[in-house]
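Chain by chain, the residues:
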Amino acid sequence: MRVLLAPPLRSQVQQLADEAAPRECCGLLVGAREEGVLRVTSLYPARNLAVETDRFEIAPQDHFAAQRSARANGFAVIGCYHSHPGGAAQPSATDLAGAVQDGFLWLIANGEELNAFVYCDGVFRGCVTGAD
Ligand SMILES: [Zn+2]
């Protein structure tokens, strides 16, 4: 699975991560699933309801609002993003425990590093990201 993420969107995730530090930023990824490709068209920043600083919990109202907004524009919520200000840009055990939806794209940011994973059958698989 390839992930298409335009440079301005990549910068936006990194900026949101910087602003939220030392807490994690989080939000939804809006876009389209195409043949072998997940195309991100916009970000939908969400409130992080987690109490701990090294966790994220997307506010359910924000998730629903993102879905409504995506559908209104002919897109879908295809994934989520969050940051790991104190750790590697890799899924944590908590991320794995919290992942439920097969085919959901996860972007994880830490500083300049931004990695993409797709959750499926209980594991995260790393994805190649490109700009087009
Ligand atoms: Zn995480």
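As the structure is a computational prediction, the values presented were derived from the model and not from experiment.

Asker: When you look at the nonpolar core in this model, what are you seeing that I'm missing?
Answerer: Side chains that are nonpolar tend, in soluble globular proteins, to be buried together. Ranked by size, the top nonpolar core spans 33 residues in total, and within it V13, L29, Y81, L105 and L107 carry the most contacts. Of all the elements in the fold, those that place two or more residues in this core are α1 (7–20), β2 (26–34), β3 (37–46), α2 (60–72), β4 (76–83), β5 (104–110) and β6 (113–120). Setting aside residues up to four positions removed in sequence, Y81 forms contacts with V13, C26, G27, L29, L43, L107 and A109.

Asker: Honestly, the pairing of β2 in this entry has me stumped. Any pointers?
Answerer: Note on strand geometry: in a regular strand, side chains alternate between the two faces of the sheet. Here β2 pairs with β3 via nine bridges, running antiparallel. Paired with C26 across the strands is A46, a residue of β3. Counting the residues that bridge the hairpin from β2 to β3 gives two residues, and of these G36 lies at a positive phi of roughly 70°. By the bridge criterion, six bridges tie β2 to β4 in an arrangement that is antiparallel. Residue pairing for β4: G31 is matched across the bridge by A76.

Asker: Where do I start with the sheet that holds β5 in this structure?
Answerer: Strand pairs in the sheet, formed through backbone hydrogen bonds, run parallel or antiparallel to each other. Overall, mixed pairing links the seven strands, which are arranged β1-β3-β2-β4-β5-β6-β7 in a closed barrel. For this sheet, the mean inter-axis angle between neighbouring strands, taken without regard to orientation, is 40°. Its contacts with the sheet put α2 on β2, β3 and β4, and the angle it makes with β4 is roughly 135°.

About the cut-offs
Residues numbered from 1 in each chain as written. Predicted model: local features only at pLDDT ≥ 70, side-chain atom pairs only at ≥ 80, totals over all residues. Core = buried A, V, L, I, M, F, W, Y, C linked by C-beta atoms within 7 Å. Buried ≥ 20, exposed ≤ 12 C-beta atoms within 10 Å, placed from the backbone. Helix = DSSP H or I, 4+ residues; strand = E, 2+ residues; numbered from the N terminus. Contact = placed C-beta atoms within 7 Å. Pairing = 2+ DSSP bridges. Axes fitted to C-alpha atoms, helices over the stretch in contact; angles between N-to-C directions.

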